[in-house]
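Coordinate analysis (summary)
Letter by letter, the chains look like this.
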Amino acid sequence: MSWGTELWDQFDNLEKHTQWGIDVLEKYIKFVKERTEIELSYAKQLRNLSKKYQPKKNSKEEEEYRYTSARAFLATLNEMNDYAGQHEVISENMTSLITGELTRYVQELKQERKSHFHDGRKAQQHIETCWKQLEASKRRFERDCKEADRAQQYFEKMDADINVTKADVEKARQQAQLRHQMAEDSKAEYSSTLQKFNSEQHDHYYTHIPNIFQKIQEMEERRIVRIGESMKTFAEVDRQVIPIIGKCLDEITKAAESIDHKNDSQLVIEAFKSGFEPPGDVDFEDFTQPMKRTISESSLSNSRGDGKSEPKFGSKSKGKLWPFIKKNKSPKQQKEPLSHRFNEFMTSKPKIHCFRSLKRGGAGPEDFSNLPPEQRRKKLQQKVDELNKDIQKEMDQRDALTKMKDVYIKNPQMGDAASVDQRLAELGQNIEKLRLEVQKFEGWLAEVEGRLPPRNEQARRQSGLYEAQNTSAVNSCAQDRESPDGSYTEEQSQETEMKVPATDFDDEFDDEEPLPTIGTCKALYTFEGQNEGTISVAEGEMLYVIEEDKGDGWTRIRRNEDEEGYVPTSYVEVYLDKNAKGAMTYI
């Protein structure tokens, strides 16, 4: 089956058909190109979707991902990101293996088609030229034959006429012979031209055109095969990513199966457990008689006052309902008492007394005493772990610098060993500070966990927490105190007022006399006292010591009568007077 023999006379139709084949190929290229654009758009939308629901760094959402269900959702988001990547792979492979290859092939195909049809037109023009020559030779032969017949008839007429001279007859005879000779020549030429045309026509229809049409057929068949291969590639590109997509889906399924509802429920308990016990029964108060009512009110207030003077976590206080409900003060409880004087004192003179009770640079207590016991324990443990990591990091740096110093000592040409001494000293000071912080937080943690007895007033002062002052300072800014469930209660303010007796305020706060000097100190480093209650010092400056370190890492000093405050003990070299009790030197 050959186009050259079967379609020898369908040159124009073949030209139209091959052009249609190229149009189909270009249409398929356009289809694949739009498919790649859809894949890219889909992948981009999937990535944006995954990014949209990813937890933000340093936000509350990160804490939610400790639950197995939230972690499974995060794993799903990550797998969807990989899933989107596979669609990008599909787009890239289709672009390189199909769109790019077919585009180049179409250009080559157009050039080849143009060449073949140019040869066909050339052959067709040649046979048409031969046909025209044959027609011209045929017309000339026909004309010469007619001229020869007319000349012969004229000669015969002249020869039969007796009135015509012999010369005219001879002339007519010669003219007739000439015309006969021309007719014979035209006949020979026509015969030769006809033979040549038949030979050219035979070659045209049995050799040249079949060869050209065969090439066009092969070209068209290659186009058909090529588009079929491209369609296979189209499917294969998708098939190649199916295992990876299946793996992504398997990971999503695995993440879903890893969800543990019991574990999540336990995490909720750990996250929100306060450590308090439910409130006890409420006493019955008999209001049937005025006398009994008065006795009941006074006894109830006394019992509450006694119970709140020394609150203990976990005690079943009958009047303590603040974790769940909000109670209003009675008019008697709203009288201006001791707390008003305390708030005024804290407002007028906050530097020294508020410095250790509040978290430096923040609004909450440094020991998290505003949290319920269980939450406080978790926060303290977290703080201890963070400090231990910082200590380890500083120690690693110190070890590295020590090794570097040893190398410099052994090989002075590599560097100056004295150049790292200052940095080593700084690291030592940082480690010492961090260790003091760890000891402080471990002490608070031990107290919460019950390994140590409750602290007395002196211990609280050394640790940086003075609960009565801290609570009153917070109450001076807000009327109600925040309870463990996030609500504010007024009864807690009442408890605070009951904690601090009036004599404590008279003795502690009304004494305005300055503390005596117990020694001197020299500033080893510059300290910028930016927090409330601290004082700035310059390196090498001499100052007076009015209160030595009580174990919390801070020494109270004075520059003059108006300037005094706390500085880190590691930043100064203290020289206590010999007569001072427990005199010692801190370096």
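Look up: the structure comes first, before these words.
For the structure given in this document, a descriptive report is provided here. (Residues numbered from 1 in each chain as written. Predicted model: local features only at pLDDT ≥ 70, side-chain atom pairs only at ≥ 80, totals over all residues. Heavy atoms only, no water.)

**Considerations on the overall build of the chain**
Looking only at helices and strands, the chain has 15 helices and seven strands in total. Burial analysis of the chain (587 residues in total) assigns 34% to the buried set. Put simply, 71% of the contacts in the chain that link residues at least 6 apart link residues at least 24 apart. About 37000 Å² of surface is accessible on the chain, with carbon and sulfur atoms providing 52% of the total. (Helix = DSSP H or I, 4+ residues; strand = E, 2+ residues; numbered from the N terminus. Buried < 20%, exposed > 50% of the residue type's maximum accessible area, 1.4 Å probe, protein only. Contact = heavy atoms within 4.5 Å. Areas by Shrake-Rupley, 256 points an atom, 1.4 Å probe, with all protein chains shown as cover.)

**Quick look at the nonpolar core**
Counting 31 residues, the largest nonpolar core has Leu 25, Tyr 28, Met 94, Ile 98, Phe 213 and Ile 216 as the members making the most contacts within it. At the level of secondary structure, the elements contributing two or more residues to this core comprise helix H2 (11-52), helix H4 (68-160) and helix H5 (166-257). Among the nonpolar cores identified, the runner-up in size contains 15 residues, and Ile 535, Trp 554, Ile 557 and Val 572 belong to it. (Core = buried A, V, L, I, M, F, W, Y, C linked by side-chain atoms within 4.5 Å.)

**Focus: the sheet that holds strand S3 (residues 519-523)**
With antiparallel pairing, five strands are arranged side by side in an open sheet as S6-S5-S4-S3-S7. Strands with a single pairing partner mark the edges of an open sheet, and in this sheet they are strand S6 (564-568) and strand S7 (572-576). Averaged over all neighbouring strand pairs, the angle between strand axes comes to 40°, with direction disregarded. (Pairing = 2+ DSSP bridges. Axes fitted to C-alpha atoms, helices over the stretch in contact; angles between N-to-C directions.)

**Examining helix H11 (residues 421-449)**
The end-to-end C-alpha distance of H11, which contains 29 residues, comes to 41 Å, matching closely the 42 Å that a straight helix rising 1.5 Å per residue would cover. Phi turns positive, to about 85°, at Gly 450, one or two residues after H11. (Expected span 1.5 Å × (residues − 1).)

**Overview of the pairing of S3**
Here S3 shows a buried face lined by Gly 519, Cys 521 and Ala 523 and an unburied face lined by Thr 520 and Lys 522. Note: S3 against S7, five bridges, orientation antiparallel. When the sheet's bridge partners are listed, Gly 519 is paired in S7 with Leu 576.

**Overview of the packing of aromatic side chains**
Inspection of the entire model under this criterion finds twelve aromatic pairs. Note on Phe 31 and Phe 234: the rings are 5.6 Å apart at their centroids and 35° apart in plane angle, and the pair reads as tilted. Of this pair, Phe 31 sits in helix H2 while Phe 234 sits in helix H5; the two residues are 203 residues apart in sequence, bridging distant segments of the chain. For Phe 234, a relative accessible area of 16% puts it in the buried group. Plain terms: the ring middles of Phe 527 and Tyr 571 are 5.7 Å apart, the flat faces sit at 75° to each other, and that makes the pair edge-to-face. (Phe/Tyr/Trp six-rings, centres within 6.5 Å; stacked < 30°, edge-to-face > 60°.)

**Considerations on the packing of helix H10 (residues 373-410) against H11**
At a minimum axis separation of 9 Å, H10 and H11 run at an interaxial angle of 160°. Between H10 and H11, the crossing angle belongs to the class labelled roughly antiparallel. At the point where H10 passes H11, the crossing takes the left-handed sense. Class assignment of the residues belonging to the contact of H10 with H11 gives a composition of 16 nonpolar, five polar and 13 charged. (Parallel < 35°, antiparallel > 145°, perpendicular 65-115°, else oblique. Left-handed = near helix turned anticlockwise from the far one by under 90°. Nonpolar A, V, L, I, M, F, W, Y, C, P; charged D, E, K, R; others polar.)

**Focus on H5**
Taking 1.5 Å of rise per residue, the 92 residues of H5 would be expected to cover 136 Å, and the 132 Å separating its terminal C-alpha atoms lies within 8% of that figure. Considering bend angle alone, the principal kink of H5 is centred on His 204 and spans about 45°. (Bend = angle between axes of the 7 residues up to and from the residue.)

**Let's talk about the pattern of salt bridges**
If the charged atoms of two oppositely charged side chains come close together, the side chains can form a pair. Under the defined criterion, the tally for this structure stands at 24 salt bridges. Note that Glu 437 and Lys 440 form a salt bridge whose closest N and O atoms lie 3.2 Å from each other. Of this pair, Glu 437 and Lys 440 both sit in helix H11, three residues apart, which is roughly one turn of that helix. Take Glu 437: its relative accessible area is 21%, and that puts it in the partly exposed class. Taking the relative accessible area as the measure of exposure, Lys 440 reaches 10% and is therefore buried. It is possible to trace a salt-bridge network through shared partners that takes in Glu 547, Arg 556, Arg 558 and Glu 564. (Salt bridge = Lys/Arg side-chain N within 4 Å of Asp/Glu carboxyl O.)

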